[in-house]
Amino acid sequence: MDTKTIKKEAVNTQTTECISGSEAIVRCLLEEGVKVLYGYPGGAIMPVYDELYKFQDKIHHVLARHEQGATHAAQGYARISGEVGVAIATSGPGATNLITGIADAQIDSTPMVCITGQVASHLLGSDAFQETDIVGISTPVTKWNCQVTKASDIPEVMAKAFYIAKSGRPGPVLVDITKDAQFEEFDFKYKKCTGVRSYIPVPKTEMASVAAAAELINAAKKPMVVWGQGVILSKAEEAFKAVIEKAGIPSAWTIMGASAIPTSHPLNIGMVGMHGNYAPNVLTNQCDLLIAIGMRFDDRVTGKLDEYATQAKVIHFEIDPAEINKNVKADVAVLGDAKASLEAILPLLNKNTHPEWHQKFKDLYAIEFEKVIKDDLHPTKEGLTMGEVINQINIQSKGEAAIVSDVGQHQMIACRYAKFNQTKSNITSGGLGTMGFGLPAAIGAKMARPEREVVSISGDGGYQMTIQELGTIFQQKAAVKIVVLNNEFLGMVRQWQQLFFDKRYASTEMTNPDFVAIAKGYYLNARRVTKREELAEAVAEMMASKEAYFLEVCVEKEGNVFPMIPTGASVSDIRLE
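Predicted, not measured: the structure shown is a model, and the values here were computed from it. (Residues numbered from 1 in each chain as written. Predicted model: local features only at pLDDT ≥ 70, side-chain atom pairs only at ≥ 80, totals over all residues. Heavy atoms only, no water.)

Draft legend 1. Structural context of the layout of surface pockets. Taken as a whole, the second largest pocket holds about 610 Å³ of empty space. Taken together, 26 residues make up the lining of the second largest pocket; nearest its centre are Thr263, Asn268, Ile269, Gly270 and Tyr365. Of all the secondary structure elements, the ones that give two or more residues to the lining of the second largest pocket are strand S11 (268-271), helix H16 (355-377) and helix H18 (409-417). Considered class by class, the residues forming the lining of the second largest pocket number 14 nonpolar, 8 polar and 4 charged. Per-domain counts for the lining of the second largest pocket show at least three residues from each of domain 2 (207-360) and domain 3 (384-555). (1 Å grid on protein atoms, 1.4 Å probe; cavity = no way out; pocket = protein on both sides within 12 Å on 5 of 7 lines; lining within 4 Å. Points joined across faces, edges and corners; volume = space filled by probe spheres on them. Helix = DSSP H or I, 4+ residues; strand = E, 2+ residues; numbered from the N terminus. Nonpolar A, V, L, I, M, F, W, Y, C, P; charged D, E, K, R; others polar. Domains from an automatic or database assignment.)

And the structure:
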């Protein structure tokens, strides 16, 4: 059968034909609607790459400069699109280099399928060249994984992988395929997976729980919502907005939930957590009802657990039963898909406004503005602040950009101050806190949504962990806007050293290279800003560029991020300075 005939029949699930395992892998990807995947070739995955070459008019492979970069790019692709991201690597070090991105995707509930090559099945367990037990290594950080040693198993395993990755609470799946299985031929037929025995991705929502939750909400005098990424993953943004508007509930977000409703929405009271806003953190311990929606009560949100919202009744809307009562005991647990649960509760809610309760949030915001926000966004001191850079990006993007942040001080500043008008606009590494995430994730985000402006925000430390992905940007002509906020420190660690280790700055000061010269070495437009009077014009130039653009902003060296809840402290102990 010639190549043209194969391509015509690539999505035909009704007939069988004899093909190799490696071709079957590519055909499975096509059946699942995969258009882009990120990876790095090598010996044990070479047969698959040979097939990708033949199908390059149907599926676009992006050559990352490191396998970790491939996983983060796949994450960025998934997070902004809602589709499954795909990464591919060879055996041994290629496979192990995927692990950080897989772990990041697991804790942040990102749908991703990773495909790894493996040594031939007769060599398994023999310490063959570039053999490693990637199934064993990845088990703790995957939603599911599987090793394939027979070509005939490929269609069923791949279908199951995509189903598990995207269903229920999403997560990463790894499929490891031996080289002989890639060469072996079999009669191929593909059938999409619609269910797995004993796996219940979405628990049934009990209307009794919905009614009990509505009763608590209607009776509350000081209710407060904390929402997370579950609102975005379930496409519940409109249902969520309708619920809080009808009940008049002040609503705060975790960093993974940011952008589910616009920043400017009057019921959006800001971010909770270690560097969140003053009002929602303090008033968590004064509300009489705490409503958690699609969030998991992470320790960075709760602070000291035995002093977290102990005065309040708790309602927990959650798709994953394992999260119920794991950290915070729920008086009412509403299991199920967030969108379905919120739509079910909406008609049961009374119209309310809670004006006196809202005023408390406004009063505390005024305090935070005077002590923190004003100086962050409109400083009078000489050094540039990270906040004023984010503010300039807001002005130039009008709140329409997708902000992809790395991890550190700049991440907290970006999450606090970036303006979001549309959902899926805040892409960051939340649970794992992976330095190096930002640049490659921005590549994936831009390739998934080329019509959107995508701005990568990194610090000088995290940026250098995946700086080689500038080569991917250049080769793919991905028009990512790259901003490095350079304070010549590992800033977040230095802040802790200043506050809690008597300013012993152990191994946190950075001697950095010429970032602009490096960017230009990758043929990117690049500029450095050191003075406030240059900033607005430089950001405008960057945002107006139709191509990738690198902007380094040299910010104050010892600037800190406040508010801050010290580790192990209560949310009530949040510091403004």
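Draft legend 2. Spotlight on the sheet that holds strand S12 (residues 289-293). Strand order in the open sheet formed by 6 strands is S11-S10-S9-S12-S13-S14, and the pairing between neighbours is parallel. Looking at the sheet topology across the chains shown, the edges are occupied by S11 and strand S14 (332-335). Across the sheet, the axes of successive neighbouring strands diverge by a mean angle of 20°, strand direction being ignored. For strand S10 (residues 251-253) and S11, the ladder comprises 3 bridges, and the chain directions are parallel. (Pairing = 2+ DSSP bridges. Axes fitted to C-alpha atoms, helices over the stretch in contact; angles between N-to-C directions.)

Draft legend 3. Quick look at helix H4 (residues 67-81). Its 15 residues give H4 an end-to-end C-alpha distance of 21 Å, which sits within 8% of 21 Å, the value for a rise of 1.5 Å per residue. Where burial is concerned, most of H4 is hidden: 15 out of the 15 residues are buried. After H4 finishes, the residue Gly82 shows a positive phi value of roughly 80°. (Expected span 1.5 Å × (residues − 1). Buried < 20%, exposed > 50% of the residue type's maximum accessible area, 1.4 Å probe, protein only.)

Draft legend 4. Structural detail: the side chain of His265. Tracing the chain through its elements places His265 in the loop between S10 and S11. For His265, a relative accessible area of 10% puts it in the buried group. Discounting chain neighbours no more than four positions away, the residues touching His265 are Lys241 and Glu245. (Contact = heavy atoms within 4.5 Å.)

Draft legend 5. Region of the structure containing the domain arrangement of the chain. Split by domain assignment, the chain resolves into domain 1 (5-188), domain 2 (207-360) and domain 3 (384-555). Between the C-alpha centres of domain 1 and domain 3 the distance comes to 30 Å. Opposite the 25 residues of domain 1 that make contact, domain 3 presents 28 residues. Between domain 1 and domain 3, the buried area comes to about 2100 Å², and carbon and sulfur atoms account for 61% of it. When the buried area of domain 1 at its contact with domain 3 is split by residue, Arg65, Arg79 and Ile80 rank highest and sum to 34% of it. (Buried area = accessible area lost by both parts, 1.4 Å probe.)

Draft legend 6. Focus on the sheet that holds strand S4 (residues 85-89). Sheet architecture is open: 6 strands sit in the order S3-S2-S4-S5-S7-S6, paired in parallel fashion. A strand with exactly one partner marks an edge of an open sheet, and here the two such strands are strand S3 (60-63) and strand S6 (144-148). The sheet shows a mean angle of 20° between the axes of neighbouring strands, taken without regard to direction. The pairing of S4 with strand S5 (residues 112-118) spans 5 bridges and is parallel. Looking at S5, one finds that Ala89 is bridged to Thr116. Set on the sheet, H4 makes contact with strand S2 (36-39), S4 and S5; between it and S4 the angle comes to about 165°.

Draft legend 7. Spotlight on the side chain of Ser456. One can find Ser456 in strand S17 (residues 454-459). With relative accessibility at 0%, the residue Ser456 sits in the buried group. Setting aside its immediate chain neighbours within four residues, Ser456 contacts Val404, Gly438, Leu439, Ala442, Val480, Lys481, Ile482 and Val483.

Draft legend 8. Quick peek at the environment of Val328. For Val328, the location among the structural elements is in the loop between strand S13 (313-318) and S14. Through-space distance from the C-alpha of Val328 to that of Ala366 is 30 Å; in sequence the pair is 38 residues apart.

Draft legend 9. Here's a closer look at the packing of helix H2 (residues 21-31) against helix H8 (residues 154-166). Two elements in contact, H2 and H8, have axes separated by 10 Å at closest approach and are oriented at 30°. With respect to each other, H2 and H8 are oriented roughly parallel. Of the two possible hands of crossing, H2 and H8 adopt the one that is right-handed. In contact with Gly21, Ala24, Ile25, Cys28 and Leu29 of H2, H8 contributes Ile154, Pro155, Met158 and Phe162. Its residues placed into classes, the contact of H2 with H8 shows 8 nonpolar, 1 polar and no charged. (Parallel < 35°, antiparallel > 145°, perpendicular 65-115°, else oblique. Left-handed = near helix turned anticlockwise from the far one by under 90°.)

Draft legend 10. Expanded view of the state of the cysteines. This structure, assessed with the given rule, holds 0 disulfides. The thiol sulfur of Cys146 is not disulfide-bonded, and the nearest other cysteine sulfur, from Cys193, lies at 12 Å. (Disulfide = S-S within 2.5 Å.)

Draft legend 11. The arrangement of the packing of aromatic side chains in detail. Tallying each qualifying case throughout the model produces 13 aromatic pairs. Residues Trp496 and Phe500 carry aromatic rings whose centres are separated by 5.8 Å and whose planes lie at 80° to one another, so their mutual orientation is edge-to-face. Taken together, the residues span about one helical turn, with Trp496 and Phe500 both in helix H22 (residues 491-500) at a distance of 4 residues. What makes Trp496 partly exposed here is its relative accessible area of 22%. An aromatic cluster is built from Phe186, Phe188 and Tyr190, whose rings are joined through pairwise contacts. Positioned above the aromatic ring of Phe489, the side-chain terminus of Arg494 is 5.7 Å from the ring centre. (Phe/Tyr/Trp six-rings, centres within 6.5 Å; stacked < 30°, edge-to-face > 60°. Lys NZ or Arg CZ within 6 Å of the ring centre and 35° of its normal.)

Draft legend 12. Up close: the pattern of salt bridges. As enumerated under the stated definition, the model contains 23 salt bridges in all. The salt bridge involving Glu51 is made with Lys54; its shortest N-O contact spans 3.2 Å. Residue Glu51 and its partner Lys54 are both found in helix H3 (residues 46-54); the two are separated by 3 residues, about one turn of the helix. Among the residues examined, Lys54 registers a relative accessible area of 36% and is labelled partly exposed. Where Glu556 meets Lys381, a salt bridge forms, and the shortest distance between an N and an O atom there is 3.5 Å. Separated by 175 residues along the polypeptide, Glu556 in the segment after strand S20 (549-554) and Lys381 in the loop between H16 and helix H17 (386-397) bring together distant segments of the chain. (Salt bridge = Lys/Arg side-chain N within 4 Å of Asp/Glu carboxyl O.)

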